[in-house]
Amino acid sequence: MEKQRTPKNIFVSGAIAPEKIAQSIANHASKTDIGGHSIFLGQVRADVKEEGTVQAINYTAYEEMALQQAFEIREAIFAKYPLTCMHIYHSLGEVKVGEICLFVFTSSKHRKAAMGACEELVERIKKELPIWGKEIIDNENSAWKINT
Amino acid sequence: MKILAFGKIAEIIGQEELQVDNFPNTEILKGYLYQQFPDLQKMKFSIAIDKKLTSGDVSIPMDVEIALLPPFSGG
């Protein structure tokens, strides 16, 4: 029987710990029909602005809408690619430079589906989810992040 | 009706939630917002009705949740 999927929480408070990523990889060891994983990790960059260097990004979201949108994107990607698994995690709150703020993980029998799905997911997450990043420069200065 | 504001819009408005009278459509709502918060005229934003993005001028049903969304910048 086809598995019934429901909206999942994608949000993590603060940075995504490398240990969580390692654990997530380990959790797939029992799924022996998987032949390839693709992982994207977004990391907060220390951009240099007129007012100074970015120290962190503070993320906020319209959470209910973002989860609904993420669910629709998941369904569309599952319909398009023969995937075994898909996981999406996005930070909320403050993430310091050098820390991970986005973790997208796709798995499939053969590599191409996992790689294609991962890339498309990242693009759609950045473009379609109501999430905002505010770049913190110092106590006085900040700037709303602009996605390119 | 309830209007939720996010990101830079919440900063311009000075709060994350507004209670206002009902507006028949999004154009009239925008006119009201521009008048109350002139800085909004300088920025791009979308309007969601009950968590669905709208485009162009659409009518606003009763008892819905309106959200003002600046350009997304997740990831």
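All of these numbers come straight from a predicted model, not from anything done at the bench. (Residues numbered from 1 in each chain as written. Chains lettered and ligands numbered in written order. Predicted model: local features only at pLDDT ≥ 70, side-chain atom pairs only at ≥ 80, totals over all residues. Heavy atoms only, no water.)

### Overview of the nonpolar core
Our working definition: Definition used in this section: a nonpolar core is a set of buried Ala, Val, Leu, Ile, Met, Phe, Trp, Tyr and Cys residues joined via side-chain atoms within 4.5 Å. Buried, partly exposed and exposed residues are distinguished by accessible area as a fraction of the type maximum, computed with a 1.4 Å probe on protein chains only: under 20%, between the cut-offs, and over 50%, respectively. Every helix listed is a DSSP run of H or I at least four residues long, and every strand listed is a run of E at least two residues long, numbered separately from the N terminus. We call two residues in contact when some of their heavy atoms are within 4.5 Å.
Membership of the largest hydrophobic core comes to 29 residues, with the highest contact counts inside it found for A:F11, A:Y59, A:I77, A:L83 and A:L121. Going through the elements one at a time, β5 (56–61), α2 (63–80), β6 (83–96), β7 (100–108) and α3 (111–128) of chain A are the ones with two or more residues in this core. Aside from chain neighbours lying at most four places away, what touches A:I77 is A:L83, A:M86, A:A117, A:E120 and A:L121. Core analysis: the next-biggest nonpolar cluster, separate from the first, contains 21 residues, B:I9, B:I13, B:V20 and B:M43 among them.

### Concerning a nonpolar patch on the surface
Under the convention used in this document: Residues qualify for a patch when their relative accessible area is over 30% and they have no salt bridge, like charges being joined within 9 Å and the nonpolar side chains of Val, Leu, Ile, Met, Phe, Trp and Tyr within 5 Å. For accessible areas, the Shrake-Rupley method is used with a probe of radius 1.4 Å. Any residue's cover is judged against the shown protein chains and nothing else. Definition used for salt bridges: Asp or Glu carboxyl oxygen within 4 Å of a side-chain nitrogen of Lys or Arg.
On the surface, A:I25, A:I39 and A:L41 cluster together to form a nonpolar patch covering roughly 220 Å² of accessible area. Structurally, A:I25 can be placed in helix α1 (residues 18–26).

### Brief notes about the layout of surface pockets
Defined as follows: Definitions used throughout: a 1 Å grid over protein atoms alone; a cavity as a set of points that fits a 1.4 Å probe which cannot get out; a pocket as an open set with protein on both sides within 12 Å along at least five of seven lines; a lining residue as one with an atom within 4 Å of a point. Grid points are joined across faces, edges and corners, and a volume is the space filled by probe spheres set on the points. Put simply, Ala, Val, Leu, Ile, Met, Phe, Trp, Tyr, Cys and Pro go in the nonpolar bin, Asp, Glu, Lys and Arg in the charged bin, and everything else, Gly too, in the polar bin.
Of the voids in this model, the largest pocket is the one considered here, and its volume is about 440 Å³. The wall of the largest pocket is formed by 17 residues, among which A:K145, A:I146, A:N147, B:P71 and B:F72 lie closest to the centre. Among the elements that line the lining of the largest pocket, the one with the most residues is α3(A), at three residues. Of the residues in the lining of the largest pocket, the class split is eight nonpolar, three polar and six charged. Of the volumes computed, that of the second largest pocket is approximately 360 Å³. If you trace the second largest pocket, you find 18 residues lining it, with A:R45, A:K126, A:K145, A:N147 and B:G75 closest to the centre. Among the elements of the structure, β2 (36–43) and β5 of chain A are those that each provide at least two residues to the lining of the second largest pocket.

### Notes on a negative patch on the surface
Residues and elements named next belong to chain A. The condition that has to hold: In this tally, Asp and Glu contribute negative charge and Lys and Arg positive charge; neither His nor the terminal groups of the chain are included. Every charge is mapped onto a representative atom, which is NZ of Lys, CZ of Arg, CG of Asp or CD of Glu.
On the surface, E50, E51, D138 and E140 cluster together into a negatively charged patch. Counting through the fold element by element, E51 comes out in the loop between β3 (48–49) and β4 (52–53). The partly exposed category is assigned to E51, whose relative accessible area is 42%.

### Describing the sheet that holds strand β5 (residues 65–69) of chain B
Residues and elements named next belong to chain B. Short version of the rule: One requirement defines pairing of two strands: DSSP has to find at least two bridges between them. Orientation is described by axes fitted as lines to C-alpha atoms, over the contacting stretch for helices, and by angles from 0 to 180 degrees between their N-to-C directions.
As summarised here, the arrangement of the five strands in space is β2-β1-β5-β3-β4, forming an open sheet in which the pairing is mixed. At either end of the open sheet lies a strand with only one pairing partner, and these are β2 (17–19) and β4 (52–53). Lying on the sheet, helix α2 (residues 26–36) is in contact with β1 (2–5), β2, β3 (46–49) and β5; it crosses β3 at an angle near 125°.

### Things to note about the pattern of salt bridges
Applying the stated rule across the entire model yields eleven salt bridges over all chains. We note a salt bridge from A:R45 to A:D47, for which the minimum N-O separation is 2.7 Å. The partner of A:E72 in a salt bridge is B:K52, with the nearest N and O atoms 3.1 Å apart. Taken as a pair, A:E72 in helix α2 and B:K52 in strand β4 lie in two separate chains rather than in one. Overall, the relative accessible area of 34% leaves A:E72 in the partly exposed class. What makes B:K52 partly exposed here is its relative accessible area of 45%.

### Topic: unusual backbone geometry
All names here are of chain B. A positive phi angle is found at K51, which is not glycine, with a value near 70°. Tracing the backbone shows K51 in the loop between β3 and β4. The class for K51 is partly exposed, based on a relative accessible area of 23%. You will see that D63, though not glycine, has its phi angle at about 55°, which is positive.

### Quick word on the environment of B:P38
Along the polypeptide, B:P38 turns up in the loop between α2 and β3. Sequence spacing of B:P38 and B:K2 is 36 residues, and the spatial spacing of their C-alpha atoms is 20 Å.

### Thoughts on the pairing of β1(B)
Residue and element names in this part refer to chain B. Sheet topology places β1 next to β2; three bridges connect them, and they run antiparallel. Bridge pairing links K2 to Q19 in β2. In terms of strand pairing, β1 meets β5 through four bridges, oriented parallel. Across the sheet, I3 pairs through a bridge with I66, a residue of β5.

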